[in-house]
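Remarks on the overall topology
One-letter residues, chain by chain:
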Amino acid sequence: QVFPPPRSHTAGAWDVMGGVNRVAVVVLGDLGRSPRMQYHALSLVEQAEKEVYIVAYAGTKPHASLMHNKRVHIHYLATLADALWFLPLSMLPKPIVMALKALHQLAVLLWALIFIVPAVDHVLLQTPPCIPTFAICKLACLAKRSELVIDWHNFGYTLLALSLSQGHFLVRLAERYERALGRFGDHHLCVTRAMRKELESNWGVGRARVLYDRPPQFFQPLSYPELHSLFVKLSTDLSRPMHVGDCCAAAQRDPSADGSSSPVTRSAATRTLFTRRVRGEVEENPDRPALVVSSTSWTPDEDFGILLEAARIYDDMTHDLASYPRLLFVITGKGPMKEAYREKMAAMEFKKVAFRLLWLSAEDYPRLVSAADLGVSLHVSSSGFDLPMKVVDMFGCGVPVCSANYSCVQELVQSDRNGMLFNDAQELAEQLKALFHNFKSHKNSRLAKLKAGAMDSSKRRWTDEWGKVGMEVFAQKRGKEE
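Residues numbered from 1 in each chain as written. Predicted model: local features only at pLDDT ≥ 70, side-chain atom pairs only at ≥ 80, totals over all residues. Heavy atoms only, no water.

**What to know about the overall build of the protein chain**
Just so we agree on the cut-off: Put simply, DSSP H or I for four residues or longer makes a helix, DSSP E for two residues or longer makes a strand, and each gets a number counted from the N terminus. The globule rule is 2.2 Å times the number of residues to the power 0.38, and the radius of gyration it is compared with is taken over C-alpha atoms. Under the scheme applied here, a residue whose accessible area is under 20% of the maximum for its type counts as buried, over 50% as exposed, and between as partly exposed, the area being computed with a 1.4 Å probe on protein chains only. By the convention used here, residues are in contact when the closest approach between their heavy atoms is within 4.5 Å. Method for areas: the Shrake-Rupley scheme with a 1.4 Å probe, in which residue coverage is limited to the protein chains shown. Charged-residue counts in this description rest on Lys and Arg as positive and Asp and Glu as negative, His and the chain ends being excluded. Charged groups are reduced to one reference atom each: NZ for lysine, CZ for arginine, CG for aspartic acid, CD for glutamic acid.
Helices and strands together make up the secondary structure of the protein chain, namely 21 helices and 17 strands. Over its C-alpha atoms the protein chain spans a radius of gyration of 24 Å, differing by no more than 12% from the 23 Å that the globule rule assigns to 482 residues. Taken along its principal axes, the extent of the C-alpha atoms in the protein chain is 75 × 50 × 50 Å. Within the protein chain, the proportion of its 482 residues that are buried is 55%. For the protein chain, restricting intrachain contacts to residue pairs at least 6 apart in sequence, the fraction spanning at least 24 positions comes to 74%. Total accessible area on the protein chain is roughly 20,700 Å²; 56% of this is exposed by carbon and sulfur atoms. Distance between charge centres in the protein chain, computed from 57 positive and 50 negative side chains, equals 2 Å.

As structure tokens, then:
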């Protein structure tokens, strides 16, 4: 799903445009996997009426509403692998590769901001990563008399510590760099009140504005016909067994009129694992499993071993009890640890549980979230100051969440209101058992209460939050405070 740079988004088209009322958005990562920055870009265009120039890496296709907007211009950066195609980077020591990567990013980013992007009022920078973006973006702002807006999603050095160690000299160096240069932003946005307090109290950052992640309008509950359309589209992926004796693959067969069974691929238009069409009307399949959804980047700050163990415990506790449903866990996303977990999942045997690993388009992902009965978040912040965006997406669709507990997560998940918090696999398994008791008869008042709370949490949308907080920053002209 690599999205190549479109020919219409070239530097030459930008050079002829004069004036200001423009913003550069810098994402030193895969733009398609940076939803908050995509939402920023859309709000800058639609709410602040700016011309937006995005500097980012190619990879996953961004949302269609961004790609089809004529006021959004994208410059994709060349990667280190592209520039040094003749070197076996995988065979070099990690510190050397990291140094080469930083130097290459410095060069391509500086070139893009100085020579490709026209004059802008603001440069909006996503962090992490902050190396070398803090220095390069500040230098570009000084050269073009722009203001630097840093959007703090987390602290970069804490993520680096996950792959190295807290005491590693590179981690200590990265922390000093981040603390020293982070304060030179002209404006600061952050994702939690806890992060704002940390920035202002311990980082020397002046006024930081909390811009919470909120769901955009395309995260909404869906009707049964819309859900049926999704399940028909995903029928092959959902029917493919992952385990020995896979309980959900076995259910993906539709009794035909003559009493025989036919694969779901032949009958998905009338019956799926979750829905069925009866006399032209779509309704819920009465024997469907409960659908539990999670998304992940498959990185060390999310321990999916907890979910696997919780699934095993739930299976042991409920496999012979008719009042508990089968559970189908659908995990979306891609990342470095995905295949290792796929092997672990495939080796497990369940009677009432199954897993599927999917990768969905930016348009289909919200639809799958809407179809879920429950969401699970394994995110544990590396810094203790950020929040899982996947939970925001789930609330947008009215889906309650069981979330790993950590320091500031209660700014988002309120236990027994819109979700539940767990500290280990046993707690998560007990929550699954409590929420899905009498699932088929729709008589679980606790799950219904959490769904109502999740729906209430979805009332404030991204455009509302951005209009209140983001507009305050970007409505200003260069060098002027309103």
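**Structural notes on the sheet that holds strand β16 (residues 401-404)**
For the record, the criterion: Paired strands, in this sense, are two strands between which DSSP finds at least two bridges. Note on definitions: angles span 0 to 180 degrees between N-to-C directions of axes, and those axes are lines fitted to C-alpha atoms, for helices only across the stretch in contact.
Reading across the sheet, the six strands line up as β14-β13-β12-β15-β16-β17 and stay open at both edges, with parallel pairing between neighbours. Strand pairing shows two members of the sheet lacking a second neighbour, β14 (353-358) and β17 (419-422), which therefore form its edges. Mean inter-strand twist for the sheet, computed between neighbouring axes without regard to direction, equals 20°. Across two bridges, strand β12 (residues 290-295) lies against strand β15 (residues 374-377) in parallel orientation. Looking at the pairing, V293 lines up with G375 of β15. In this fold helix α14 (residues 304-318) packs onto β12, β13 (327-332), β14, β15 and β17, with an angle of close to 150° to the strand it touches most, β14.

**Quick notes on the environment of L160**
Residue placement: L160 occurs in helix α7 (residues 156-163). Accessibility expressed as a relative area gives 17% for L160, which makes it buried. When the C-alpha positions of L160 and E472 are compared, they lie 32 Å apart, and in sequence the two are 312 residues distant. Contact partners of L160, with chain neighbours within four places excluded, come to M98, L170, V171 and A174.

**Description of the nonpolar core**
What counts, and what does not: Residues belong to a common nonpolar core when they are buried Ala, Val, Leu, Ile, Met, Phe, Trp, Tyr or Cys residues joined through side-chain atoms within 4.5 Å.
Formed by 108 residues in total, the largest nonpolar core has its most connected members in V25, I54, L113, W152, L199, L291 and L328. Discounting chain neighbours no more than four positions away, the residues touching L113 are V26, V55, I136, C137, A140 and K144.

**Observations regarding the sheet that holds strand β3 (residues 72-76)**
Taken in spatial order, the seven strands line up as β3-β2-β1-β4-β5-β6-β7 in an open sheet, and their pairing is parallel. Pairing within the sheet leaves two strands with one partner each, and these edge strands are β3 and β7 (208-210). The sheet shows a mean angle of 20° between the axes of neighbouring strands, direction not considered. As defined by bridge partners, strand β1 (residues 22-30) adjoins strand β4 (residues 122-127) across four bridges and the pair is classed as parallel. Looking at β4, one finds that V25 is bridged to L124.

**Section: the pairing of β12**
Definition in use: Seen with its strands pointing away from the viewer, a crossover is right-handed when the path leading from the first strand over the helix to the second is clockwise.
When you tally the buried positions in β12, you get six out of six residues, the bulk of the element. Side chains A290, V292 and S294 of β12 all project onto a buried face; the interleaved residues L291, V293 and S295 project onto the opposite face, where all are buried too. Relative to β13, β12 runs parallel, the two being bridged by six bridges. Bridge pairing links L291 to L328 in β13. The parallel pair β12 and β13 is bridged by α14, and the resulting crossover is right-handed.

**Concerning helix α8 (residues 169-182)**
Heads up, the condition is: Residue count minus one, scaled by 1.5 Å, sets the expected span of a helix. The arc refers to the directions leading from the helix axis to the C-beta atoms.
Given a rise of 1.5 Å per residue, 14 residues ought to cover 20 Å, and the 19 Å separating the end C-alpha atoms of α8 matches this to within 8%. Those residues of α8 that sit buried are L170, V171, A174, Y177, E178 and G182. Here the buried residues of α8 occupy an arc of 125° about the axis, which is enough to place them on one side. Those residues of α8 that are exposed and angled more than 90 degrees off the buried face are F169, L173 and R176. Residues of α8 that are buried sit in contact with α5 (94-116), β4, α6 (133-144), β5 (147-152), α7 and β6 (187-190).

**A closer look at the packing of aromatic side chains**
Convention followed: Centres within 6.5 Å are what make two rings of Phe, Tyr or Trp a pair, Trp counting through its six-membered ring; a difference in plane orientation under 30 degrees is then read as stacked, over 60 as edge-to-face, and the rest as tilted. Two conditions define a charge located above a ring, namely a distance within 6 Å from the ring centre to NZ of Lys or CZ of Arg, and an angle within 35 degrees of the ring normal.
Considering all chains together, one arrives at 20 aromatic pairs under this definition. On the numbers, 5.6 Å between centres and 80° between planes, the contact of F436 with F439 is edge-to-face. You'll find F436 and F439 in the same group, each marked buried. By the ring-pair criterion, three or more aromatic residues cluster together here, those being F134, W152, F155, Y157, Y177, W203 and F385. The ring of W203 has R179 lying over it, and the distance from NZ or CZ to the ring centre is 4.4 Å.

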